[in-house]
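# Coordinate analysis (summary)
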Amino acid sequence: MFLCSKTSWGVTASGQAVDCYTLDNGTISAEILTYGGAVRSLCVPNAQGEVTDVVLGFDDIATYEAQDKFIGALIGRHANRIEAAEFTLDGKSYPLYANDGRNQLHGGKIGYDRRVWDATVTDSALLLSLTSPDGEEGFPGTLQIQVRYSLTDANGLRIEYTAVTDQKTVCNLTNHSYFNLAGHASGSIVGQRIQLHASNYTPANGECLPNGTIAPVDHTPMDLREATVIGDHIDDPFEQLQFAGGYDHNWIVDGEHGTLRPAAEAQCDETGIHMTVLTTSPGLQFYSGNALDGCPNGKGGASYARRSAFCLETQYYPNALCHSNFPQPIITPEQPFHEITVYEFSVR
């Protein structure tokens, strides 16, 4: 069973109407906004059979426009960081907007998280589409983007990204949902457990920019191959954690890029909710919400403080455009962008 309903959800400061679509398969449900394509709620049953909303979100469009944490949103044209807000493609330099110190983060001044997407409903999915014109935020080529949200029989939220271009360009799309498996309003996530199916990661500098090396996780706090309490090592005197104020790094997902495979798992013993992340993408950013301070109050007035949620963002490696040994987030008219990520929920 798949049901999808639509409600009007207000108007942006520039006068654009925003809608909210509710997807429901009888066990789990998700609310998706056309503003930023944001996942506003994701409700799943806990071990007691009660409905638990496991993602951060807000109650009105004005708060989404005011916040700067990318809560729940679709991210592009390039997720994560580009060093010095500039890249070179086929010998030509493309300057970008610097919105993270001297670097660009998550698409620039007005990324896809700030755009109102067009929506179409099919008998099995919600399709969001967006045209990103040549030169928008400094990127070459016109992109035609479609993101397909659907619910799976395994009680998962499936996100399928497709983008076609009219010329060679950069593309790295993801979703920036913040998860708390005890419920969005329950406070700190440091007692929940995380497991990453990743034997290697990309060490970064003090600006959270990978330096081009690929390092094994062995014998470091970055080894999360076994289920680990998030707070156990988050403040260890390990340079990578000190740089980021906790976890905010890219791990290299084990297995072949392009195949849908397990990337991460998370568990809350209090609710019994278990989440498995599967992806076709080469990398995964595990972010422990270290900079959530100052976030506006969320749904129902909930306080979203530091480390009150975590993100698992599937992606090409950050700063890949500066490191040719990394998989390159470059597409052409003959080779479009296509990746799939699934967040599956069960009770353990």
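Refer to the preceding data block for the structure.
Heads up: these notes are all about the structure in this document. (Residues numbered from 1 in each chain as written. Predicted model: local features only at pLDDT ≥ 70, side-chain atom pairs only at ≥ 80, totals over all residues. Heavy atoms only, no water.)

### Quick notes on the overall build of the protein
Keep this limit in mind: Helix and strand definitions follow DSSP, with helices as H or I runs of at least four residues and strands as E runs of at least two, each counted in order from the N terminus. Restricting the calculation to C-alpha atoms gives the radius of gyration, and the globule rule supplies 2.2 Å times the number of residues raised to the power 0.38. The buried label applies to any residue whose accessible area, calculated with a 1.4 Å probe on protein chains only, is under 20% of its type's maximum; exposed applies above 50%, and partly exposed to all values in between. Here, residues are in contact when the closest pair of their heavy atoms is within 4.5 Å. Every accessible area reported is derived by Shrake-Rupley at a probe size of 1.4 Å, with residue values counting cover from the shown protein chains alone.
When you go through the protein residue by residue, the secondary structure sums to 2 helices and 27 strands. Here the C-alpha radius of gyration of the protein, 19 Å, is about what a compact globule of 348 residues would show, namely 20 Å. Dimensions along the principal axes, computed over C-alpha positions, put the protein at roughly 60 × 50 × 35 Å. Looking at the 348 residues of the protein, the share that counts as buried comes to 59%. Considering only contacts in the protein between residues 6 or more positions apart, those separated by 24 or more positions represent 64%. Approximately 13,000 Å² of the protein is accessible, and the part contributed by carbon and sulfur atoms is 47%.

### Some thoughts on the state of the cysteines
Each disulfide is one covalent bond, formed between the sulfur atoms of two cysteines. Where we set the bar: Here, two cysteine sulfur atoms that lie within 2.5 Å of each other are counted as a disulfide.
Tallying each qualifying case throughout the model produces 0 disulfides. Cysteine Cys-4 is unpaired, with the sulfur of Cys-20 as its nearest cysteine sulfur at 9.4 Å. Take Cys-311: it sits in no disulfide, and the sulfur closest to it among the cysteines is that of Cys-295, at 11 Å. We classify Cys-311 as buried; its relative accessible area is 0%.

### Focus: the pairing of strand S12 (residues 126-132)
Using the following cut-off: Strands are labelled as partners when DSSP assigns at least two bridges between them.
Extensive coverage of S12 is indicated by the burial of 5 of its 7 residues. Pairing of strand S11 (residues 118-121) with S12 involves 4 bridges; the strand directions are antiparallel. Directly across from Asp-118, in S12, lies its bridge partner Ser-129. Taking the residues between adjacent antiparallel strands as the criterion, S11 and S12 are bridged by 4 residues. Pairing analysis gives 7 bridges linking S12 to strand S13 (residues 143-151), with the strands arranged antiparallel.

### Concerning the packing of aromatic side chains
To describe a pair of aromatic rings, you give the distance between the ring centres and the angle between the ring planes. Filter applied, for reference: What counts as a ring pair is set by centres within 6.5 Å for rings of Phe, Tyr and Trp (its six-membered ring), and what kind of pair is set by the plane angle: stacked under 30 degrees, edge-to-face over 60, tilted for all other angles.
If you walk through the whole model with that rule in mind, you get 16 aromatic pairs. Pairing Trp-9 with Tyr-64 gives two aromatic rings, centres 5.9 Å apart and planes at 70°, and the pair type is edge-to-face. Of this pair, Trp-9 sits in strand S1 (residues 3-11) while Tyr-64 sits in helix H1 (residues 61-66); the two residues are 55 residues apart in sequence, bridging distant segments of the chain. For Trp-9, a relative accessible area of 15% gives the class buried. Ring geometry for Trp-251 against Phe-286: centres 6.1 Å apart, planes inclined by 50°, an arrangement best described as tilted. Placement of the pair is Trp-251 in strand S21 (residues 248-252) and Phe-286 in strand S24 (residues 283-287), with a sequence separation of 35 residues. Each member of the pair, Trp-251 as well as Phe-286, carries the same accessibility label: buried.

### Digging into the sheet that holds strand S19 (residues 215-216)
In spatial order, the strands read S19-S18-S21-S24-S25; together these 5 strands make up an open sheet with antiparallel pairing. Here the strands that pair on one side only, and so sit at the sheet edges, are S19 and strand S25 (311-315). Taken together, the 5 bridges between S24 and S25 define a ladder with antiparallel strand orientation. In the sheet register, Leu-284 faces S25, and the bridge partner there is Thr-314.

### A word on the pairing of S24
Of all the 5 residues making up S24, 5 are buried; the element is thus mostly covered by neighbouring parts of the structure. Residues of S24 alternate between two faces, with Gly-283, Gln-285 and Tyr-287 on one and Leu-284 and Phe-286 on the opposite face, all of them buried. Both S21 and S24 contribute to a ladder of 5 bridges, which runs antiparallel. By the bridge assignment for S24, Trp-251 is matched with Leu-284.

### Some words on the environment of Gly-212
Here Gly-212 shows up in the loop between strand S18 (200-202) and S19. Distance from Gly-212 to Gly-57, taken between C-alpha atoms, is 34 Å for residues 155 residues apart in sequence. Gly-212 has contacts with His-323, Asn-325 and Phe-326, leaving out every residue within four places of it along the chain.

### Observations regarding the sheet that holds S1
The condition that has to hold: Geometry is summarised by axes, namely lines fitted to C-alpha atoms with helices restricted to the contacting stretch, and by angles between N-to-C directions that run from 0 to 180 degrees.
Spatial strand order, S1-S2-S3-S4-S5: 5 strands in an open sheet with antiparallel pairing. Edge strands, defined here as strands with exactly one partner in the open sheet, are S1 and strand S5 (51-53). Strand-to-strand twist in this sheet, taken as the mean axis angle between neighbours without regard to direction, amounts to 20°. Bridge analysis of S1 against strand S2 (residues 17-24) gives 7 bridges, and the strand direction is antiparallel. Along S2, the bridge assignment pairs Ser-8 with Asp-19.

### Considerations on the pattern of salt bridges
The line we're drawing: Should a side-chain nitrogen of Lys or Arg be within 4 Å of a carboxyl oxygen of Asp or Glu, the pair is scored as a salt bridge.
Considering all chains together, one arrives at 17 salt bridges under this definition. Of the charged contacts, one joins Arg-102 and Glu-207 as a salt bridge, the two residues approaching to 3.0 Å between their closest N and O atoms. Placement of the pair is Arg-102 in the loop between strand S9 (92-95) and strand S10 (104-105) and Glu-207 in the loop between S18 and S19, with a sequence separation of 105 residues. Residue classification places Glu-207 among the partly exposed positions, given a relative accessible area of 29%. Of the charged contacts in the structure, one is a salt bridge between Asp-223 and Arg-225, with a shortest N-O distance of 2.9 Å. On the accessibility criterion, Arg-225 (27% relative accessible area) is partly exposed. Through salt bridges with shared partners, one network takes in Glu-31, Arg-40 and Asp-59.

Worth remembering: the numbers are spatial, not functional.
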